[in-house]
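Read off the chains here:
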Amino acid sequence: MADCGAEEDTGEFGSRQGGERRMIIQPTSLEDPKLKKLKEILLEWINKTLKVEHIVVRTLEEDLYDGLVLHHLLRRLAGVELHAEEIALSTDAQVRKLEVILTALNEALEMNEETAKWNVKLIHSRDLLATLHLLVAMARRFQPDLVLPPNVGVEVIQCEVTKSGIKADKQTEFITFQSISIEALEGESNKECPIDELFKLEAHKIETVKKAILHFVNKNMSSLGLNVTDLDKQFADGVILLLLIGQLEGFFLPLCEFFLCPVGSSEMLHNVTLALDLLIDQGLPVQSVDPQDIVSQDVPATVKVLYYLFKRHKNK
């Protein structure tokens, strides 16, 4: 049995079946290069997100416990406005603010409070493990194209107070898991377009890549006041596809060239055919995509076209 007093205590993890449980990170795990890389990426993501608000986070361990940063992240990423004091100075005020913020965050993340690996007490006590679990969940939800190092885990000792004493078990707690991404598909596939390989995978992996492409689309359509929520259906009439191409490739399409409000499949087909012709003229290899497939809401055909746009413009 491991000695629960031998390592640094990261805070109370919760109470289950009448026993108090705590997760204690082994100090050697804090030096793991993959963990350091994860922290670096999350820190950069937070600061980039909050740059317009002139908020700078220097450490994940010390700068998130009072709720200020999480409050601003929730507002910027999810568009949620909360009736909570901006700056909470006392411990009681910080705890009350965190309760409001984490309740809203769990709802936005569609996370059950009972199964979440974070809570008010853990975050307020600067628990690194809980803070990382929360930030990773937020990144996956609100910025799915953010590439996080896979299989990041830490060695922990889980201590539980029982009637017979303290029970301790050493285990590995994973913060990120092996995830599928467009970059990973490109690395594993010998084909120029890995989307054909994508649709041979499990449904949840397909959804992860679709979310990344959807985020890319909305990021580039926001200046037009447009928002895509259904990748499978909203490109069928060709309108959003044409507008997206114009945004990305930097040219204006005269309204007389396409149907802004297409009526019937023939006008939709005209729009999609024009979009594919424009992409071919711009050197994108979409000759194999049948315009009718997109009109018919064929998901692989639609995702393939969007993938080529993503691949060309993702770093711009």
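Keep in mind that this is a model prediction, so the values were computed, not measured.

The rules we used
Residues numbered from 1 in each chain as written. Predicted model: local features only at pLDDT ≥ 70, side-chain atom pairs only at ≥ 80, totals over all residues. Heavy atoms only, no water. Helix = DSSP H or I, 4+ residues; strand = E, 2+ residues; numbered from the N terminus. Buried < 20%, exposed > 50% of the residue type's maximum accessible area, 1.4 Å probe, protein only. Expected span 1.5 Å × (residues − 1). Contact = heavy atoms within 4.5 Å.

S.K.: Is there a simple way to explain unusual backbone geometry in this structure?
M.R.: Most peptide bonds adopt trans geometry, and most residues besides glycine take a negative phi value. Within the chain, H54 stands out as a residue other than glycine whose phi angle is a positive 60°. Along the polypeptide, H54 turns up in the loop between helix 1 (33-49) and helix 2 (60-63). Phi angles above zero are rare outside glycine, and N151 is one such case at about 55°. Tracing the chain through its elements places N151 in the loop between helix 6 (128-142) and strand 3 (153-162). Taking relative accessible area as the criterion, N151 reaches 33% and is therefore assigned partly exposed.

S.K.: Looking at this structure, I do not really get helix 4 (residues 91-108). What am I missing?
M.R.: The α-helix winds at 3.6 residues per turn, so residues separated by three or four positions along the chain end up facing the same way. Taking 1.5 Å per residue as the helical rise, helix 4 with its 18 residues ought to reach 26 Å, and the 25 Å between its terminal C-alpha atoms agrees with that figure. Among the residues making up helix 4, those that are buried are A93, Q94, K97, L98, I101, L102, A104, L105, N106 and A108. If you follow the buried residues of helix 4, they end up packed against helix 3 (68-78), helix 5 (120-124) and helix 6. Looking one or two residues beyond helix 4, the residue adopting positive phi is E110, at roughly 55°.

S.K.: Hey, could you run me through helix 11 (residues 265-281) in this one?
M.R.: Across its 17 residues, helix 11 extends 24 Å between first and last C-alpha, which sits within 8% of the 24 Å expected from 1.5 Å per residue. Every buried residue of helix 11 is accounted for by M268, N271, V272, L274, A275, L276, L278 and L279. Residues of helix 11 that are buried in the fold lie against helix 10 (239-249), helix 12 (291-295) and helix 13 (299-313). Note on helix 11: the residue one or two positions beyond its end, G283, has a positive phi of about 90°.

Treat this as a map of the structure, not an account of what it does.
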